[in-house]
Amino acid sequence: MKFEKKAVIFDLDGVICFTDRFHYQAWKALADRLGIYFDETINNRLRGVSRMASLEIILERSDREYTPAEKEAFAEEKNNTYRELLKTMTPADLTDEVKDTLAELRRRGYLLSIGSSSKNTKFILERIGLGDFFDAIADGTDITHSKPDPEVFLCSARKLGMAPADCAVVEDARAGIQAARAAGMTALALHGDAEGCGEEDYNLSSFADLLNIL
Ligand code: BG6
Ligand code: MG
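Reading guide: rules and limits
- Residues numbered from 1 in each chain as written.
- Chains lettered and ligands numbered in written order.
- Predicted model: local features only at pLDDT ≥ 70, side-chain atom pairs only at ≥ 80, totals over all residues.
- Heavy atoms only, no water.
- Helix = DSSP H or I, 4+ residues; strand = E, 2+ residues; numbered from the N terminus.
- Axes fitted to C-alpha atoms, helices over the stretch in contact; angles between N-to-C directions.
- Parallel < 35°, antiparallel > 145°, perpendicular 65-115°, else oblique.
- Contact = heavy atoms within 4.5 Å.
- Phe/Tyr/Trp six-rings, centres within 6.5 Å; stacked < 30°, edge-to-face > 60°.
- Buried < 20%, exposed > 50% of the residue type's maximum accessible area, 1.4 Å probe, protein only.
- Lys NZ or Arg CZ within 6 Å of the ring centre and 35° of its normal.
- Donors = N, O, S within 2.8 Å, 3.2 Å for Na, K, Ca; no water.
- Left-handed = near helix turned anticlockwise from the far one by under 90°.
- Nonpolar A, V, L, I, M, F, W, Y, C, P; charged D, E, K, R; others polar.
- Domains from an automatic or database assignment.
- Buried area = accessible area lost by both parts, 1.4 Å probe.
- Salt bridge = Lys/Arg side-chain N within 4 Å of Asp/Glu carboxyl O.
- Polar contact = N/O pair within 3.5 Å; in protein donor to acceptor, adjacent residues only side chain to side chain.

A. Quick look at unusual backbone geometry. Cis geometry marks the peptide bond from Lys147 to Pro148, where omega comes out at 20 degrees. Counting through the fold element by element, Pro148 comes out in the loop between strand 3 (136-138) and helix 7 (151-160). Phi is positive for His191, close to 55 degrees, though the residue is something other than glycine. Locating His191 in the fold gives a position in the loop between strand 5 (186-189) and strand 6 (202-203).

B. Structural view of the packing of helix 3 (residues 51-59) against helix 4 (residues 68-86). For the pair helix 3 and helix 4, the least separation of the axes is 10 Å and the interaxial angle reads 105 degrees. Viewed along their axes, helix 3 and helix 4 adopt a mutual orientation that is roughly perpendicular. Only Lys71, Glu72, Phe74, Ala75 and Asn79 of helix 4 make contact with helix 3, whose side of the interface consists of Arg51, Met52, Leu55, Glu56 and Leu59.

C. Quick look at the packing of aromatic side chains. In the structure shown here, the tally under the stated rule is six aromatic pairs. Measuring from ring centre to ring centre gives 5.0 Å for Phe133 and Phe134, while their planes differ by 85 degrees; the resulting arrangement is edge-to-face. The burial state of Phe133 is the same as that of Phe134; both residues are buried. Each member of the aromatic cluster is reached from another via a ring pair, and the members are Phe10, Phe133, Phe134 and Phe207. Its guanidinium or amino end placed over the ring of Tyr82, Lys78 lies 4.4 Å from that ring's centre, counting from NZ or CZ.

D. Quick look at the coordination of the magnesium ion (ligand 2). Those donors, Asp11 (OD), Asp13 (O) and Asp172 (OD), are the protein atoms that reach the magnesium ion (ligand 2), and they lie 2.0 to 2.1 Å from it. One chain supplies every donor for the magnesium ion (ligand 2), spaced along it as D-x1-D-x158-D.

E. Seen up close, the packing of helix 1 (residues 20-34) against helix 4. Interaxial distance between helix 1 and helix 4 falls to 9 Å at its minimum, and their mutual angle equals 140 degrees. Taken as axis vectors, helix 1 and helix 4 run oblique relative to one another. In the packing of helix 1 onto helix 4, the handedness of the crossing is right-handed. Contact residues: helix 1 offers Phe22, His23, Gln25, Ala26, Trp27, Leu30, Arg33 and Leu34, while helix 4 offers Phe74, Glu77, Lys78, Thr81, Tyr82, Leu85 and Leu86. Broken down by class, the residue content of the contact of helix 1 with helix 4 amounts to nine nonpolar, three polar and three charged.

F. Region of interest: the domain arrangement of the chain. Assigned domains of the chain: these are domain 1 (7-18 + 91-213) and domain 2 (20-86). With centres defined by C-alpha atoms, the gap from domain 1 to domain 2 works out at 24 Å. Each side of the interface is counted separately: domain 1 has 18 residues, and domain 2 has 14 residues. Both faces considered, domain 1 and domain 2 share a buried interface measuring about 1,300 Å² in area, 46% of it formed by carbon and sulfur atoms. The interface formed by domain 1 and domain 2 contains one salt bridge. Counting the contacts that link domain 1 with domain 2 gives nine residue pairs in polar contact (both at pLDDT 80 or more). Sorting elements by how many residues they give to the side of domain 1 that touches domain 2 places helix 6 (residues 121-127) first, with three residues.

What follows is the structure in structure tokens.
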């Protein structure tokens, strides 16, 4: 199968790098402190979802209500834990597979961008040595609606100067696959709860599989 596209928009967490495990650790630390049950299955529902919406999902298991100010403090606490974990990342956390595939896609003439719900996107890209690599970045600081809303991908395409129909999206989140489809883009699933969710256009067997279908 081949997709005729001019640009590829990548989700960040769980696609370019494996910060999804740090999100899990940081939320788990908060949930444990509050005595709220949290596991990997619940964590899967947080993929692609904004920080505050993620907190609301975690608090579904709480037996008490919290004020907006308390919720803000919890989100900040989680983000502080998360950023400490991010500081341990280096360019060695970018796999050769991802690095080489991105380089080959660029050599083939594709525009490459990021479409992530994360407000830490630029910090993460700098940590892994991709701070200046992408042709455009749309992230949690650009949007008011997170995935499955198409806003972040439409913003990324606009920054690239590309029509949505010319863009493919690579996602590990089902919410991200839904966002890509809602944007009128081709949705490529890689791992996570995106894989086999039934709404994807194609399941990538690996990141490098992009080179077989583009
Ligand atoms: C997404 C992650 O990329 O970013 C979500 O998949 C996360 O799990 C979201 O909640 C927001 O991240 P941040 O870094 O702004 O808290
Ligand atoms: Mg993701």
